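# An overview of the molecular structure
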Amino acid sequence: MPEHAPDRPEDDNTAVGDSGTQAPQSTHSLGGYFPGAVNPAGDVVGRDKIGIQHVYCGAAPHGDNGVQVALDHYLDRLIHTLSELPLAVISGRDDDDEKREDICLRDVYVPLDTTLQIPQYMRLSSWLATRRRRRRRSQRNESEPPVLYSPDNQRRVSALEALAEHPKLTLIGEAGGGKSSFGSRMLLAMAEALRGERSAFDILGDRWPHGALFPIRVELRRFADRHLCRDRGDIVDDLWDYIESEFAGLGAQHSGLRDALQVRVRQGALVVFDGLDECGNELRRHQVQKAVDAFITAYTGKARFLLTMRPYARPADADPASGLPEAGIYVLADLTPYQTVAFIRDWYRAMGRGGWYATTQEAERRRNGLLAASERVDVASLAQKPLLLTLMALLHSDPQGEGELPDHRVGLYKAAVTLLLQRWRLVGEDARRLGMPPLALDRVRTELERLAFDLHVSSAAHAPDQPMDLHEPALRTALLPLFEYDDTQVTAMLAFVAQRTGILLEQGGPDGLRVYGVAHRSLREYLAACHLAARDDFYAVAQRLALEAPGHWELVLSLAARVASLQRGISVVDALVGRDAVGVFKSSHSQSPGPAQWRVARLAGLQIKEIGRPRFEAAPLSAPVLHRVRHWLAAALPLCHSEGGLPTMERASMGDLLAEVGDPRFDPARLSLPACAHLGFIRIPEDSNFRIGTHSEHLQRMTEIVGHDLYRDEINDTITPTPEFWIARYPVTVAQLRAFVEESGYVIAHAYALHGPENRPVRYVNWVEAKDYVTWLEKQLREAPVFDTNPIAVLVRAHGWQVMLPSERVWEKAARGGHDGKAFPWGDTCDSDLANTFVSKSGDGAAVGVFPANDYGLHDMVGDVCEWTQTEYEYSYSSPEREATAASESIVVRGGAWAGPRFASRCADRYRRHPDLRSDDLGFRVVLCRSPIR
């Protein structure tokens, strides 16, 4: 499937800009008392509600007005809390600024999409039903014609549509990807609807059929910190203890509150469990997940549940690219350019309305400046992340600033932290009133960096009593030296923090104990990275943390490599791989690295990406380090989990990372062909006894493996000799096709053919384009000076060998890897870890070589992408084969693909395609033969 569908401004699953999609009034303005109903009575004008209105969710309160009053108060406080956008506070207020309005979540929220793409004409429910049917057929090994979608008529499924479809939705997103904002926006819409705000559902449009559900937010980090594992024996009660305490914190207290809440959950509630990844190490996350699952099981019915997390905490069977939609697991997509534009326009519209600029012309000038900046190459990738886009807007729109933007995320974090700290600068101006001396913000920042690091350490610990938040005693201890150990001044400072939004936010706590948190987790990780990068033992600590909890420390370690000086950043990258080449590690340890070492090597690759590959490559003495890390990543790709490697989806993710830091397996100076003497071609000797297809003697065994009768067109008992030939180790990659396009000026008809990581197999090419590539490659081998002494070029120049697409029998001979008569290249047992097919759950193509080679040393002969051949399709095998032409009605395609069922990954499976066809699972590889097919 393509990774991005074309942007469509008219689609309601993208951004809401000047006009949102209006929900039909009959859907949401429902009278009476029943689940999800909203009483339309009341006088509402815009955002301003005149008068008092009581709206009941679920059954009427039966006389207990105290509970309802408490719930109404909770909803009002929740609306106030969720509406706040702490990072959007532009500057501190003085007496002249009181008329300015802060930006609210509803002002700038852009509806988010998931990475799942489905046909434009299908609803998600229909697509899921088709997917389930295909999976059942695949499990029964039943054949079904492939579904071929064009990327031109695909659309991304919105997070809202996914939540509407799945009673339990798991949403996976990178740091700053918008997971929490989506949950907050949904809860805010529900709370406002229940309090009579008629426009509350405007942003939901017709994709939300469930009405107004009672909103409950569970911050899992705080639950794990305060209520998990209290030896009560009922983890559902643990969650209710937390929920009840949060309601009390918002001023909703009543003896019958828990019973009333349980009724509302059964009658229809939206419960958002936010931030599973923030709950500590894997053991604690498992305990929290167990509590969440038990809660959901207890209240399955009309309630809906949203669980959010970062990728490292994702379920084991959810792939990094698209999650597992059938199970309600989705991955958040980056913002499209259209969504970025919508956010910027809404931001400055809110700034102008809020009175932050003296004239509308100034707001428009700033808006146009940020729109232009967001298109810069160095900024566009940052603008794809909601948090980073918010920081960009925060910095650019500061009335006291110049609107300059850094070109990397560490620069954005640094500038945002500085701006947020400046909110405390007024402490100096108010020192006389507060009885405090002026505060040195650089010293405050140093202490916050240390606290953030210590907090990140404790949140990854095994001990269940380790804090997840910054408790008041720890903050007091840190602040005392800054105020010359005057506790009175520290108390005044904490009171000031509670009143003025800045880098720290007061969050309330159990039993009157105040708890504080950094404005966003990513900013906390940035502060921790600053502390780590400044330590004398930076390298040793980084290596230890990477081994202990790579997922938990991933962002901190990546940012720290950029925060540090370039030479220290290069040194820490080298330290993560032990300053040894992967071959040296194997020889010195007498074994291959294990999963822990491979994950640390991945972190080293992420640090190179964060530092910036161009900066890294240009730095003195960086070449050996870059060489080592690249080869560590390359060595990890084909090593199966059962042989000490990483699980399939982690290897697939590492393959994409390798493309970003530079894949050492390929040589850009030689048309991005494999970097070896034979350009990645492997010699297959002549076989005069080869028989293509499935032999009659093996028919019964193959039928049992497949689970149904075989198609007759693959049955063959005739000897079909194969000549000596050389075949490419990998399918043709995106980088190789790009070299063809750039050198020759050739135009590929479909832009998606050159889309995606450079080391993935090319897709969306038809048969004619594949033929044109091999013709060009032969010309290069024959004429280009770079190949003058190459042994493969000598075959072409001196001995008349030709570059071509493989014939059908040549392809199958290579695919079998010497295992004639077997179902798969490795034997008769299907193994999802050995090929990228439907049962591997990758959800997409992968970099070439992520799966092990067959015994000939050929990768991806089955799975990943199926491959064009040079053979015109005939119902039965014949000798000689008929060579296909552009006028052929159908051409043989071989190999199965990432979206194909497991039986299609057999060596003998064959099917036919029209030469004009192009799809997201169809590529090709090349061979060298002495003459055309016979």
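For the structure given in this document, a descriptive report is provided here.

A few words now on helix 23 (residues 550–563). With 14 residues, helix 23 should cover 20 Å at 1.5 Å per step; its first-to-last C-alpha distance of 19 Å lies within 8% of that length. At Val556, helix 23 shows its maximal kink, close to 30°. Within helix 23, 11 of the 14 residues are buried, leaving the element largely enclosed by the surrounding structure. Taken residue by residue, helix 23 has Gly551, His552, Trp553, Leu555, Val556, Leu557, Ser558, Leu559, Ala560, Ala561 and Arg562 as its buried positions.

This part takes up the packing of aromatic side chains. Applying the stated criterion to the full structure yields 25 aromatic pairs. When the centroid spacing of 5.8 Å and the interplanar angle of 35° are considered together, the rings of Phe343 and Trp347 count as tilted. One end of the pair, Phe343, and the other, Trp347, are both in helix 11 (residues 337–353), four residues apart, so they sit about a helical turn from each other. An aromatic cluster is built from Trp240, Phe273, Phe295, Tyr299 and Phe305, whose rings are joined through pairwise contacts. Arg579 extends its terminal NZ or CZ atom over the ring of Tyr539, reaching a point 5.8 Å from the ring centre.

For the α-helix, the turn length of 3.6 residues means that residues three or four positions removed from each other point alike. For helix 18 (residues 441–459), which comprises 19 residues, the first-to-last C-alpha distance of 26 Å matches the rise-based estimate of 27 Å (1.5 Å per residue) to within 8%. Among the residues of helix 18, those classed as buried are Leu441, Val444, Arg445, Leu448, Glu449, Leu451, Ala452, Phe453, Leu455, His456, Ser458 and Ser459.

Turning next to the sheet that holds strand 10 (residues 470–471). Backbone hydrogen bonds hold the strands of a sheet together, and the pairing may be parallel or antiparallel. Reading across from one edge, 10-12-11 is the order of the three strands in this open sheet, with antiparallel pairing throughout. Of all the strands in the sheet, the pair left with one neighbour each is strand 10 and strand 11 (504–506). Both strand 11 and strand 12 (residues 515–518) contribute to a ladder of three bridges, which runs antiparallel. Residue pairing across strands places Glu506 opposite Tyr516, the latter belonging to strand 12.

A word on the side chain of Asp713. Inspection of the secondary structure assignment puts Asp713 in the loop between helix 30 (699–706) and strand 16 (725–728). Judged by its relative accessible area of 9%, Asp713 falls in the buried class. When residues no more than four places from it in sequence are discounted, the contact partners of Asp713 are Tyr873, Tyr875, Tyr877 and Arg910.

Quick look at the pattern of salt bridges now. Under the counting rule described, the total for this entry stands at 62 salt bridges. In this structure, the salt-bridge partner of Arg155 is Glu161, at a minimum N-O distance of 2.9 Å. Across the pair Arg602 and Glu554 runs a salt bridge whose closest N-O atoms are separated by 2.9 Å. On the criterion of sequence distance, the pair formed by Arg602 in helix 26 (residues 595–611) and Glu554 in helix 23 is long-range, its members being 48 residues apart. Among the charged side chains, a salt-bridge network with shared partners connects Asp713, Glu808, Glu812, Arg816, Arg894 and Arg910.

Turning to the sheet that holds strand 22 (residues 927–929), a few remarks are in order. The four strands lie next to each other as 15-16-22-17, forming an open sheet whose pairing is antiparallel. Of all the strands in the sheet, just strand 15 (681–684) and strand 17 (802–804) have a single pairing partner and so form its edges. Within this sheet the neighbouring strands show an average axis-to-axis angle of 30°, counted without direction. Examined bridge by bridge, strand 17 and strand 22 share three bridges and lie antiparallel to one another. Looking at the pairing, Met804 lines up with Val927 of strand 22. Taken strand by strand, helix 33 (residues 791–799) contacts strand 15, strand 16, strand 17 and strand 22, and its axis lies near 40° from that of strand 22.

Definitions and limits used
Residues numbered from 1 in each chain as written. Predicted model: local features only at pLDDT ≥ 70, side-chain atom pairs only at ≥ 80, totals over all residues. Heavy atoms only, no water. Helix = DSSP H or I, 4+ residues; strand = E, 2+ residues; numbered from the N terminus. Expected span 1.5 Å × (residues − 1). Bend = angle between axes of the 7 residues up to and from the residue. Buried < 20%, exposed > 50% of the residue type's maximum accessible area, 1.4 Å probe, protein only. Phe/Tyr/Trp six-rings, centres within 6.5 Å; stacked < 30°, edge-to-face > 60°. Lys NZ or Arg CZ within 6 Å of the ring centre and 35° of its normal. Pairing = 2+ DSSP bridges. Contact = heavy atoms within 4.5 Å. Salt bridge = Lys/Arg side-chain N within 4 Å of Asp/Glu carboxyl O. Axes fitted to C-alpha atoms, helices over the stretch in contact; angles between N-to-C directions.

Limitation: the analysis is restricted to geometry and does not speak to function.
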